[in-house]
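# Results of the structural survey
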Protein chains: 2
Amino acid sequence: MTVADVTTQDRYPTRRGTESAFIERTDPVVWSGVRAGPATRTDLAAHEAKGFHTVPGLLSPAEVQKYWQELDRLTKDPEVRADERTVVEKDSGQVRSLFEVHRTSELIAELVRDPRVLDRARQILGSEVYVHQSRINYMPGFKGSGFYWHSDFETWHAEDGLPAPRAVSLSVALTDNYPFNGGLMVMPGAHRTYVSCVGRTPGENYKSSLKEQKVGVPGEDDITRLGYEHGIEQFTGYAGSALWFDSNTMHGSGNNITPFPRSNIFIVFNSVRNAPVAPFAADRPRPSFVAARDPSAVVR
Amino acid sequence: MTVADVTTQDRYPTRRGTESAFIERTDPVVWSGVRAGPATRTDLAAHEAKGFHTVPGLLSPAEVQKYWQELDRLTKDPEVRADERTVVEKDSGQVRSLFEVHRTSELIAELVRDPRVLDRARQILGSEVYVHQSRINYMPGFKGSGFYWHSDFETWHAEDGLPAPRAVSLSVALTDNYPFNGGLMVMPGAHRTYVSCVGRTPGENYKSSLKEQKVGVPGEDDITRLGYEHGIEQFTGYAGSALWFDSNTMHGSGNNITPFPRSNIFIVFNSVRNAPVAPFAADRPRPSFVAARDPSAVVR
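How each quantity is defined
Residues numbered from 1 in each chain as written. Chains lettered and ligands numbered in written order. Predicted model: local features only at pLDDT ≥ 70, side-chain atom pairs only at ≥ 80, totals over all residues. Heavy atoms only, no water. Helix = DSSP H or I, 4+ residues; strand = E, 2+ residues; numbered from the N terminus. Rg over C-alpha atoms; globule rule 2.2 N^0.38 Å. Buried < 20%, exposed > 50% of the residue type's maximum accessible area, 1.4 Å probe, protein only. Contact = heavy atoms within 4.5 Å. Least-squares fit on C-alpha atoms with pLDDT ≥ 70 in both. Buried area = accessible area lost by both parts, 1.4 Å probe. Salt bridge = Lys/Arg side-chain N within 4 Å of Asp/Glu carboxyl O. Polar contact = N/O pair within 3.5 Å; in protein donor to acceptor, adjacent residues only side chain to side chain. Nonpolar A, V, L, I, M, F, W, Y, C, P; charged D, E, K, R; others polar. pLDDT = per-residue confidence, 0-100. Phe/Tyr/Trp six-rings, centres within 6.5 Å; stacked < 30°, edge-to-face > 60°. Pairing = 2+ DSSP bridges. Axes fitted to C-alpha atoms, helices over the stretch in contact; angles between N-to-C directions.

Take the overall build of chain A next. Of regular secondary structure, chain A possesses 10 helices and 13 strands. For 300 residues, the compact-globule formula gives about 19 Å, and the C-alpha radius of gyration of chain A, at 18 Å, lands near that figure. By its C-alpha atoms, chain A is 50 × 45 × 40 Å across when sized along the principal axes. The proportion of buried residues among the 300 residues of chain A is 59%. In chain A, the share of contacts with a sequence separation of at least 24, taken over all contacts with a separation of at least 6, comes to 86%.

Listed below in structure tokens is the structure:
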């Protein structure tokens, strides 16, 4: 397939000029093909309608403790801190994210292969899956800055070349998520609308966009329209709770001035039938530790 | 009373050096003396124990609409915008607060005299009361920056000379307060602990502190200790709901990246038996539009 072919077939154009646009999603949210798995019909119906669903207590308190110690170990390791896959907080210099943790931590690799996780991803995407991105996020108390509203798929399409929103994200809380310590906000139902964003992707955009995204974010008028149409829900719950959300979910988070830190494991599964092609709105793909390029690296 | 006398009698010292301290409150929270009024025994018990209580639906939807229109009228008035009693948002230039509104708006003056409001303030403070400060706050969507943790009494004591925490604040929501659009966070029970803060008060501190407070805020260690001891509650509810909170309540608010603005009327009642003296930790008192100095201006 040539670049021209891909461009012709781009059903989700973005970053092409100065006008934003709402594009109706034509792809399914829950894909048919895999029936058996841990997700109930209610789970899948919620995922289809709202773009997300929760699994309270996916991890037991003992498992949470195990992963928390793993995070602690990793953030204290000087080699990990110096690794290009580690992102530090813009203002405080604290570790904010560790990328590709399913390759650097055997514990996270186990979690990815856990049937509670992997089989649910296969049910939602209706096929075999692989890990497009994995990371552990750490938002400290007091200084945790939030993330403005965005759709992950917009970036994964523009910069990584995922053709369709046939990907699903899993966020597992490692700390209690209150409504007031910077938890994820989502707009239920907005996953059916693709917001084509203004601007052009700068070179090596990922180096700054992983800290604060400036291109590929909708304007305030678009967020206002979506916000008043769909409302906002927050992902709250005890440590160990999980949120599964569609790749085109409109989401963001406020800052955290409480003393309570917020930490989570984040795994993105992509369908092997949605393998990345050339980026749709960037000169070259992002590095593979941010966005895997080899779908043959199937999880099992 | 000389300055020396006042200093000797200062039971709430603050801004004296480089060490912070926790001082146990010796004054009552709900003062005896006035029995009759709209506050139930349950309301007053909650106020005593937690330092605050709520009154859902204090204003009817029609009243909310009336006050909202008043805010709209005031913020569009060029004279009001240019008034020194108007505070504009640091980054966006939008109107953030209008001070002394009970003198500039007849509608707010009526609210202050309303028995639903005035008589509850008298019950809590156990005496006649007057307005120490009044304002309307407007936190726009997207760009609303929050307020770091602080006790109002610390400032009113240090900069305005209120001898004791015999003051109570009323916040009336003019917009629906969600958990995610920058609503007030409070630490229940922390009103019994006075945090003596480090630093010295700069001259004309109020000009910057009304936008972002830098002196008179507790350190992160102190907030962590209070946060883990008392936990955090948020003031949420439909427009028209009210929060009454003690002057020494530890409170703060996060930023607001949602499209939903947040607006409220804020009235501080002080007991006429707690009249301001010379500031306890500032060269001169703040202007009277921020902190009234004449307790004989009783409300009725």
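Moving on, there is more to tell.
What follows covers the relation of the copies chain B and chain A. Note on the identical chains: chain B maps onto chain A by a rotation of 180 degrees and an axial translation of 0.0 Å, with an RMSD of 0.0 Å. Considering both components of the superposition, the chain copies are consistent with a two-fold axis. Take the interface residues of chain B: 100% of them recur as interface residues in chain A, which is what a same-surface contact looks like.

In this assembly, 24 residues from chain B lie in contact with 24 residues from chain A. Summed over both partners, the interface of chain B with chain A buries about 2000 Å², with 71% contributed by carbon and sulfur atoms. For chain B, the biggest contributors to the area lost against chain A are Phe142(B), Phe180(B) and Ile257(B); these three give 29% of the whole. Applying the counting criterion to the chain B and chain A interface returns zero salt bridges. Where chain B packs against chain A, one counts three residue pairs in polar contact (both at pLDDT 80 or more). Listed by contribution, the elements that provide at least two residues to the side of chain B that touches chain A are strand E6 (147–151), helix H10 (220–230) and strand E12 (250–253) of chain B. Considering each element in turn, the side of chain B that touches chain A owes the most residues, five residues, to H10(B). Among the residues forming the side of chain B that touches chain A, the class breakdown is 14 nonpolar, eight polar and two charged.

So, about the confidence of the model for chain A. All names here are of chain A. Residues with a pLDDT of 70 or more make up 97% of chain A, whose mean pLDDT is 92. Scored below 50 in pLDDT, residues 1–7 shows five contacts in the model against residues more than four places distant or in partner chains. Both scores are given for the predicted complex: the pTM is 0.90, the ipTM 0.86.

In this section: the packing of aromatic side chains. Summed over all chains, the structure comprises 24 aromatic pairs over all chains. Pairing Tyr228(A) with Phe260(B) gives two aromatic rings, centres 4.9 Å apart and planes at 80 degrees, and the pair type is edge-to-face. One end of the pair, Tyr228(A), is in helix H10 (residues 220–230); the other, Phe260(B), is in the loop between E12 and strand E13 (262–271), on a second chain. Look at Tyr12(B) and Tyr194(B): their rings are 5.1 Å apart centre to centre, the planes differ by 65 degrees, and that puts the pair in the edge-to-face class. You can see Tyr12(B) sitting in the loop between helix H1 (3–8) and strand E1 (21–24) and its partner Tyr194(B) sitting in strand E9 (residues 193–196), a full 182 residues away along the chain. We classify Tyr12(B) as buried; its relative accessible area is 1%. We classify Tyr194(B) as buried; its relative accessible area is 1%. Here a set of aromatic residues connected by ring pairs shows up, and it is made of Tyr178(A), Phe180(A), Phe260(A) and Tyr228(B).

All right, on to unusual backbone geometry then. Residue and element names in this part refer to chain B. You will see that Glu100, though not glycine, has its phi angle at about 55 degrees, which is positive. Among the secondary structure elements, Glu100 is positioned in the loop between strand E4 (95–99) and helix H5 (101–104). Of note in this structure, Glu204 is not a glycine but carries a positive phi near 50 degrees. Exposure remark for Glu204: the relative accessible area of 53% places this residue in the exposed category.

Once that is clear, we can look at the sheet that holds strand E8 (residues 184–186) of chain B. The strands that make up a sheet pair up through hydrogen bonds in the backbone, lying either parallel or antiparallel. Residues and elements named next belong to chain B. The four strands lie next to each other as E6-E12-E8-E10, forming an open sheet whose pairing is antiparallel. Since the sheet does not close on itself, it has two edges, and those belong to E6 and strand E10 (233–234), each with one partner. The pairing of E8 with E12 spans three bridges and is antiparallel. Looking across to E12, one finds that Met185 is bridged to Gly252. Across the sheet, helix H8 (residues 152–160) lies against E6 and E12, angled at about 65 degrees from E6, the strand it touches most.

Taken together, the buried positions of helix H6 (residues 106–113) of chain B are Leu107(B), Ile108(B), Ala109(B), Leu111(B) and Val112(B). Buried-residue contacts for H6(B) involve helix H3 (61–76), H5, helix H7 (115–125), strand E5 (129–139) and E13 of chain B.

Before going further, it helps to spend a moment on the sheet that holds strand E5 (residues 129–139) of chain A. All names here are of chain A. Read from one edge to the other, the open sheet built from seven strands follows the order E2-E11-E7-E13-E5-E4-E3, with strand pairing classed as antiparallel. The strands lining the two open edges of the sheet, one partner per strand, are strand E2 (52–55) and strand E3 (86–88). Going across the sheet, the axis of each strand differs from the next one's by a mean of 15 degrees, ignoring polarity. Pairing of E2 with strand E11 (residues 242–246), which is carried by four bridges, proceeds in the antiparallel orientation. Looking across to E11, one finds that Phe52 is bridged to Phe245. Sitting on the sheet, helix H6 (residues 106–113) touches E5 and strand E13 (262–271), and the angle it makes with E13 is about 50 degrees. Across the sheet, helix H7 (residues 115–125) touches E2, E5, strand E7 (167–173), E11 and E13, and the angle it forms with E13 is around 45 degrees.

Take the side chain of Thr14(B) next. Residue and element names in this part refer to chain B. Looking at the secondary structure, you find Thr14 in the loop between H1 and E1. At a separation of 2.9 Å, a polar atom in the side chain of Thr14 contacts the main-chain amide nitrogen of Cys197. Those residues in contact with Thr14 that sit more than four places away from it in its chain are Glu154, Ala158, Tyr194, Val195, Ser196, Cys197 and Ala281.

Once that is clear, we can look at the side chain of Arg286(B). Residues and elements named next belong to chain B. With respect to the element layout, Arg286 can be found in the segment after E13. Under the relative-accessibility criterion, Arg286 is labelled buried at 6%. One polar contact links Arg286 to Asp160, side chain to side chain, over a distance of 2.8 Å. Not counting residues up to four positions away in its chain, the partners in contact with Arg286 are Gln133, Thr155, Trp156, Glu159, Asp160, Tyr206, Leu210 and Ala291.

What follows covers the environment of Glu220(A). Its location among the elements puts Glu220(A) in helix H10. Spatially, the C-alpha atoms of Glu220(A) and Trp149(A) are 9.3 Å apart, while their sequence positions differ by 71 residues. Those residues in contact with Glu220(A), other than ones at most four positions away along the chain, are Tyr148(A), Phe142(B) and Lys143(B).

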